[in-house]
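Commentary on secondary and tertiary structure
Residue strings, one per chain:
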Amino acid sequence: MESAAAPARILILGGTGEAAQLAAALAADPRFAPVTALAGRTAKPAMLAGEVRMGGFGGVEGLVAYIREAGPRLIVDATHPFAAQIRRHAAEAAAATGVALLRLERPAWAKQRGDRWHEVEDLPAAATLAPKLGRRAFLTVGRKEIAAFADQPAVHYLVRLVEPPATPLPLADYHLLLERGPFDEADELQLLRAHKIDLVIAKQSGGKATYGKIAAARTLRLPVILQRRPALPPGYAPTATVATAADARAWIEKAIA
Ligand code: NAP
């Protein structure tokens, strides 16, 4: 009797909504066996379809060793546009092992009429600019780099995180909100009004899930300090790049066939 071909293992470097959508699409197809790798920053990540692997690999070497052992047919780097280190590691490990690398990256938001954006390279630059633009800032840059705002006591920060921080935030004056997206424009408008926010500080994340605050700031004519996306690693050349989980799935189907 002929046995069915084993499903193709696909390694998804995750931590984004697009990665979760792709894992769900692949897990529903018997030709594929997705494994999503998460850094482990979030203690209770949203449920993911397929296999999940938690924690870092141990640098490029560790990722290369994992790829050789697990034998994925493809690697999909669906990490956040600001996760610069894992992107570089994925490119180096794919080159070292000869496994194809698909980059899944949502496009950046495009500036629209009425947007009052102040684009900055990094968060220390955002912190320096903040007191020149407002007194009550909505800060949505994640937990990891919030210390950049520690030296700015002139500003009250409304901070939104997914999970409670292990230690108090290193900010002089703040209010903490714990919520998981997506966030729509109407709710963000209400939030900005309720907290008398006069400045929004965010990363140029792109995508729909966190665009509500950008649209709400435009409606209220508020300035937005927007951190630009990090530069690509030198010589960065994934096998292909796509913008959506649906495009990633279509690409994978063709590549595996
Ligand atoms: P990073 O600075 O690029 O990576 C730091 C280290 O974390 C990597 O060297 C790797 O450790 C580990 N790592 C990162 N992503 C991983 C993954 N998907 N699977 C396994 N290990 C991973 O990353 P980051 O900016 O801290 O982001 C961490 C995770 O949060 C990513 O999965 C990203 O998609 C998600 N995320 C990040 C942001 C953001 O603004 N940075 C926003 C939303 C979601 P080893 O060297 O030990 O392998």
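See the structure shown above.
Here we summarise the structure given alongside this text. (Residues numbered from 1 in each chain as written. Predicted model: local features only at pLDDT ≥ 70, side-chain atom pairs only at ≥ 80, totals over all residues. Heavy atoms only, no water.)

1. Let's talk about the sheet that holds strand S10 (residues 199-203)
Rules: Pairing between two strands is assigned when DSSP locates at least 2 bridges connecting them. Each helix is a run of DSSP H or I of at least 4 residues and each strand a run of E of at least 2, with the numbering of both proceeding from the N terminus. Only the stretch in contact is used when fitting a helix axis, every axis being a line fitted to C-alpha atoms; angles between N-to-C directions are given from 0 to 180 degrees.
An order of S6-S11-S10-S7-S8-S9 is seen for the 6 strands of this open sheet, with the pairing classed as parallel. In this open sheet, the two edge strands, each paired with only one partner strand, are strand S6 (116-120) and strand S9 (174-178). Within the sheet, the average angular offset between the axes of one strand and its neighbour, ignoring direction, is 20 degrees. Pairing of strand S7 (residues 136-140) with strand S8 (residues 156-161) involves 4 bridges; the strand directions are parallel. Considered in S8, the bridge of Ala 137 is made with Tyr 157.

2. Here's the deal with the site of the ligand
Our working rule: To be near a molecule or strand, a residue needs just one of its heavy atoms within 4 Å of it. Whenever two N or O atoms come within 3.5 Å, that pair is a polar contact, provided that in protein one can donate a hydrogen and the other can accept it, and provided that, for residues adjacent in sequence, both atoms are side-chain atoms. Note on areas: these come from Shrake-Rupley sampling with a 1.4 Å probe, and a residue is covered only by the protein chains present in the view.
Around the ligand, 22 residues are found, and the nearest of them are Gly 14, Phe 57, Gln 85, Lys 144 and Lys 203. Arg 41 places a side-chain nitrogen or oxygen 2.9 Å from an oxygen atom of the ligand. Here an oxygen atom of the ligand sits 3.4 Å away from a polar atom, N or O, in the main chain of Ala 84. Against a free-state accessible area of 810 Å², the protein chains account for coverage of 81% of the ligand. Those elements that place two or more of their residues in the shell around the ligand are strand S2 (32-38) and helix H3 (84-97).

3. Digging into the packing of aromatic side chains
Short version of the rule: Stacked, tilted and edge-to-face are the three classes applied to pairs of Phe, Tyr and Trp rings, where Trp contributes its six-membered ring and a pair requires centres within 6.5 Å; stacked means planes under 30 degrees apart, edge-to-face means over 60, and tilted covers the rest. Relative accessibility under 20% of the residue-type maximum defines a buried residue, over 50% an exposed one, and the middle range a partly exposed one, all with a 1.4 Å probe and only protein chains included.
If you walk through the whole model with that rule in mind, you get 3 aromatic pairs. Their ring planes at 55 degrees and their centres at 5.2 Å tell us that Phe 57 and Tyr 66 sit as a pair that is tilted. No difference in accessibility class separates Phe 57 from Tyr 66, as the two residues are buried. Ring centres of Trp 109 and Tyr 211 lie 5.6 Å apart, and the angle between their planes is 55 degrees; on these two criteria the pair is classed as tilted. Of this pair, Trp 109 sits in the loop between strand S5 (100-104) and S6 while Tyr 211 sits in the loop between S10 and helix H6 (212-219), and the two are 102 residues apart along the sequence.

4. Examining the sheet that holds strand S4 (residues 74-77)
Selection rule: A contact between two residues is defined here by any heavy atoms of the two lying within 4.5 Å.
Judged by pairing direction, the sheet is parallel, and its 6 strands sit side by side in the order S3-S2-S1-S4-S5-S12 without closing on themselves. In the strand order of this sheet, the two ends are held by strand S3 (51-54) and strand S12 (240-242), each with one partner. Taking each pair of neighbouring strands and ignoring which way they run, the sheet shows an average axis angle of 25 degrees. Packing of H3 onto the sheet brings it into contact with strand S1 (8-13), S4 and S5, and relative to S5 it is tilted by some 155 degrees.

5. Details of the pattern of salt bridges
Our working rule: Salt bridge criterion: a side-chain nitrogen from Lys or Arg within 4 Å of a carboxyl oxygen from Asp or Glu.
What the rule picks out here adds up to 15 salt bridges. Notably, a salt bridge pairs Glu 92 with Arg 88, separated by 3.7 Å at the nearest N-O pair. Here Arg 88 and Glu 92 lie together in helix H3, a separation of 4 residues that amounts to about one turn. Judged by relative accessible area, Glu 92 falls into the partly exposed class, the value being 37%. Arg 88 gets classed as partly exposed once you look at its relative accessible area, which sits at 33%.

6. Describing the packing of helix H5 (residues 185-194) against H6
Let me state the cut-off plainly: An angle below 35 degrees is read as roughly parallel, one above 145 as roughly antiparallel, one from 65 to 115 as roughly perpendicular, and any other as oblique. When the near helix sits turned anticlockwise from the far one by under a right angle, the crossing is termed left-handed; a clockwise turn instead gives a right-handed crossing. We call Asp, Glu, Lys and Arg charged. Ala, Val, Leu, Ile, Met, Phe, Trp, Tyr, Cys and Pro are nonpolar, and the rest, Gly among them, are polar.
Where H5 meets H6, the axes come as close as 8 Å, and the angle between the chain directions of the two elements is 60 degrees. The angle between the axes of H5 and H6 places the two elements in the oblique class. The handedness of the crossing between H5 and H6 comes out as right-handed. Here Glu 185, Glu 188, Leu 189 and Leu 192 of H5 come into contact with H6, specifically with Gly 212, Lys 213, Ala 215, Ala 216, Ala 217 and Thr 219. Taken together, the residues that form the contact of H5 with H6 break down as 5 nonpolar, 2 polar and 3 charged.

7. Structural notes on unusual backbone geometry
Going from Gly 181 to Pro 182, the amide bond is cis rather than trans, its omega being 5 degrees. Counting through the fold element by element, Pro 182 comes out in the loop between S9 and H5. Within the chain, Lys 196 stands out as a residue other than glycine whose phi angle is a positive 50 degrees. With respect to the helices and strands, Lys 196 occurs in the loop between H5 and S10. By relative accessible area, Lys 196 is classed as exposed at 63%. A positive phi angle, near 60 degrees, is found at Arg 221, a position not held by glycine. Within the secondary structure, Arg 221 is located in the loop between H6 and strand S11 (223-227).

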